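Here's the letter readout for the chains.
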Amino acid sequence: CDQKISRYCCDNIQTKVHDSGLDVVRGLSHDPKTLPSYYFYDQRGSELFEQICGLPEYYPTRTEQGILAKYAQEIADLTGNCDLVELGSGSSRKTRILLDAYTQLQGKFTYIPIDVSTTMLQATALDLLADYPQLSIHALAGVYEIALHHLPPAFQQRLLIFLGSTIGNLSPQEEAIFLQQIQQNLTPGDYFLLGVDLQKDVNILSSAYNDNQRITAEFNLNILHHLNHKFNGNFNPENFQHWAFYNQELNQIEMHLISLENQAIKLFDLGLEVILMAQETIRTEISRKFDIRLLTKQLNHCGLPVQRVWQDERGWFALVLCQK
Ligand code: AVI
């Protein structure tokens with residue numbers, strides 16, 4: 001265990017940015033009303049998301065995993081020796097496929113997982129250290145924007161990984177800022193591996209966010225429990241209904257909560273009262289679906305030239321490798 005701990009360190013760079021509730025006040029005062037989607041992820045929300053990833057309708061996780069399994073060695077051979085940095089590492093389950101490939105290639109190397117959950121980082125690190133003797137782990141607990149400025153000194157090239165099409169949860173404006181941050185924090189020669197969900201038949205997309213077991217509905221409604229807990233609120237989740245649909249104009253899934261009656265909600269710790277009319281909605285998430293040609297253009301344009309794209313046989317999901 002001592003030996004494991006000597007290969008592990010965790011910098012806690014959590015900041016209070018998301019705790020002030022300012023973003024909640026702003027979103028709920030907006031017309032139409034919105035909530036930031038990172039409020040999905042309290043303990044229960046993270047468990048529900050894990051369940052979503054295994055649902056028959058939710059194809060992205062298993063499709064991306066399939067592409068990784070098929071091409072991980074090719075990716076590793078293409079980049080050569082690298083330290084791996086992962087944004088939103090979670091349980092690092094898919095990353096293990098890459099860790100296996102990089103273990104074949106090189107001796108000692110470092111994995112730098114970045115996640116908001118310190119507990120998750122620690123639990124995952126212990127498992128990984130037991131399974132990968134060549135690996136050192138330098139975990140960063142915090143939000144991406146800040147963590148990117150706290151990367152440990154690089155002794156070799158880096159591969160920055162952002163899987164799961166989480167980039168799709170950003171608006172086009174947020175995405176542009178995010179890509180600029182990535183570009184600025186990489187050294188020339190470093191790689192960026194991005195997982196993206198692609199545009200496809202509306203019915204497939206719609207089912208992925210309206211599963212039969214209603215786990216996605218529970219995940220969506222859980223955001224209200226989280227807000228109640230965090231800001232001393234009185235949302236009654238039973239007065240809301242899950243609604244997810246594909247917006248074909250904007251190429252995005254939109255998740256909303258529909259208010260089932262006229263209601264006044266208070267978030268006491270924020271000094272906020274929100275009036276909702278029956279049928280009014282709160283948008284809780286967008287999940288953008290990409291056109292690989294347009295995305296390639298954008299990545300090239302922002303200084304992250306695309307080297308290779310791998311897709312599954314149905315062309316549903318893509319892994320894009322860029323090199324600064
Ligand atoms: C985390 N993110 C990429 C998921 C998605 O598909 O946009 C979140 C999710 N929301 C509902 N189901 C899954």
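Residues numbered from 1 in each chain as written. Predicted model: local features only at pLDDT ≥ 70, side-chain atom pairs only at ≥ 80, totals over all residues. Heavy atoms only, no water.

Participant: Help me understand the site of the ligand, please; the structure alone is not making it clear to me.
Facilitator: The environment of the ligand is made up of 14 residues, and the closest members are Y58, N169, Y209, E285 and S287. For the ligand, an oxygen atom lies 2.5 Å from a polar atom in the side chain of Y58. One of the side-chain nitrogen or oxygen atoms of E285 is found 2.7 Å away from a nitrogen atom of the ligand. Surface burial for the ligand is 97%, taken as the share of its 340 Å² of free accessible area covered by protein chains. Those elements giving two or more residues to the shell around the ligand turn out to be α3 (43–53), α10 (215–231) and β12 (281–288). For the shell around the ligand, the per-class residue count stands at seven nonpolar, six polar and one charged. (Near = heavy atom within 4 Å. Polar contact = N/O pair within 3.5 Å; in protein donor to acceptor, adjacent residues only side chain to side chain. Areas by Shrake-Rupley, 256 points an atom, 1.4 Å probe, with all protein chains shown as cover. Helix = DSSP H or I, 4+ residues; strand = E, 2+ residues; numbered from the N terminus. Nonpolar A, V, L, I, M, F, W, Y, C, P; charged D, E, K, R; others polar.)

Participant: Teacher, can you tell me more about the pairing of strand β11 (residues 272–276) here?
Facilitator: Side-chain direction in a regular strand flips from residue to residue, so the side chains alternate between the two faces of the sheet. Taking every second residue as pointing to the same face, the buried face of β11 carries L272, V274 and L276, while none of E273 and I275 on the other face is buried. Where strand β10 (residues 263–267) and β11 come together, five bridges link them in antiparallel fashion. By the bridge assignment, Q263 is partnered in β11 with L276. As consecutive antiparallel partners, β10 and β11 are separated by four residues, and within that stretch G271 has a phi angle of approximately 60°, a positive value. (Buried < 20%, exposed > 50% of the residue type's maximum accessible area, 1.4 Å probe, protein only. Pairing = 2+ DSSP bridges.)

Participant: What is the right way to read the environment of N212 from this model?
Facilitator: Within the fold, N212 resides in the loop between α9 (202–208) and α10. The exposure class of N212 is exposed, given its relative accessible area of 71%. With 147 residues separating them in the primary sequence, N212 and Q65 have C-alpha atoms 23 Å apart.

Participant: Even after reading the chapter, I still don't get the sheet that holds β12, so can you show me in this structure?
Facilitator: In a beta sheet, neighbouring strands pair by backbone hydrogen bonds and run either parallel or antiparallel. As summarised here, the arrangement of the four strands in space is β2-β12-β9-β8, forming an open sheet in which the pairing is mixed. Where the open sheet ends on each side, the last strands, each with one partner, are β2 (33–34) and β8 (240–247). For β8 and strand β9 (residues 252–259), the ladder comprises eight bridges, and the chain directions are antiparallel. Paired with F240 across the bridge in β9 is S259. Packed onto the sheet, α10 meets β8, β9 and β12 and runs at close to 60° relative to β9. (Contact = heavy atoms within 4.5 Å. Axes fitted to C-alpha atoms, helices over the stretch in contact; angles between N-to-C directions.)

Participant: What is the right way to look at the pairing of strand β3 (residues 83–87) in this model?
Facilitator: For β3, the buried fraction is high: five of the five residues fall into the buried class. By the alternation rule, side chains of β3 split into D83, V85 and L87 and L84 and E86, which are all buried. The pairing of β3 with strand β6 (residues 158–162) spans four bridges and is parallel. In the strand pairing of β6, V85 is matched with L160. Here β3 pairs with strand β4 (residues 109–115) via four bridges, running parallel. Bridge assignment links L84 to a residue of β4, and that residue is Y111. Between β3 and its parallel partner β4, the chain crosses via helix α5 (residues 95–105), and the hand of that crossover is right-handed. (Right-handed = clockwise from strand over helix to strand, strands pointing away.)

Participant: What is the right way to look at the sheet that holds strand β14 (residues 317–323) in this model?
Facilitator: The eight strands lie next to each other as β1-β5-β4-β3-β6-β7-β14-β13, forming an open sheet whose pairing is mixed. If you trace the sheet from one side to the other, it starts and ends with β1 (8–12) and β13 (306–311), each paired once. For this sheet the average axis-to-axis angle between neighbouring strands, irrespective of direction, equals 15°. The strands touched by helix α6 (residues 118–131) are β1, β4 and β5 (135–141); relative to β5, the strand with the most contacts, the crossing angle is about 175°.

Participant: Would you mind going over the packing of aromatic side chains with me for this structure?
Facilitator: We describe a pair of aromatic rings using the distance from one ring centre to the other and the angle between the two ring planes. All chains considered together, the criterion is met by 15 aromatic pairs. Ring geometry for F235 against F240: centres 5.8 Å apart, planes inclined by 65°, an arrangement best described as edge-to-face. Of the two residues, F235 and F240, both sit in the buried class. Relative to F245, the ring of W243 lies with its centre 4.6 Å away and its plane at 25°, an arrangement referred to as stacked. On the basis of relative accessibility, which here comes to 36%, the residue W243 falls in the partly exposed class. Through a chain of ring-to-ring contacts, the aromatic side chains of F40, Y41, F49 and F219 assemble into a single cluster. The ring centre of W316 lies 3.6 Å from the NZ or CZ of R314, which sits over that ring. (Phe/Tyr/Trp six-rings, centres within 6.5 Å; stacked < 30°, edge-to-face > 60°. Lys NZ or Arg CZ within 6 Å of the ring centre and 35° of its normal.)

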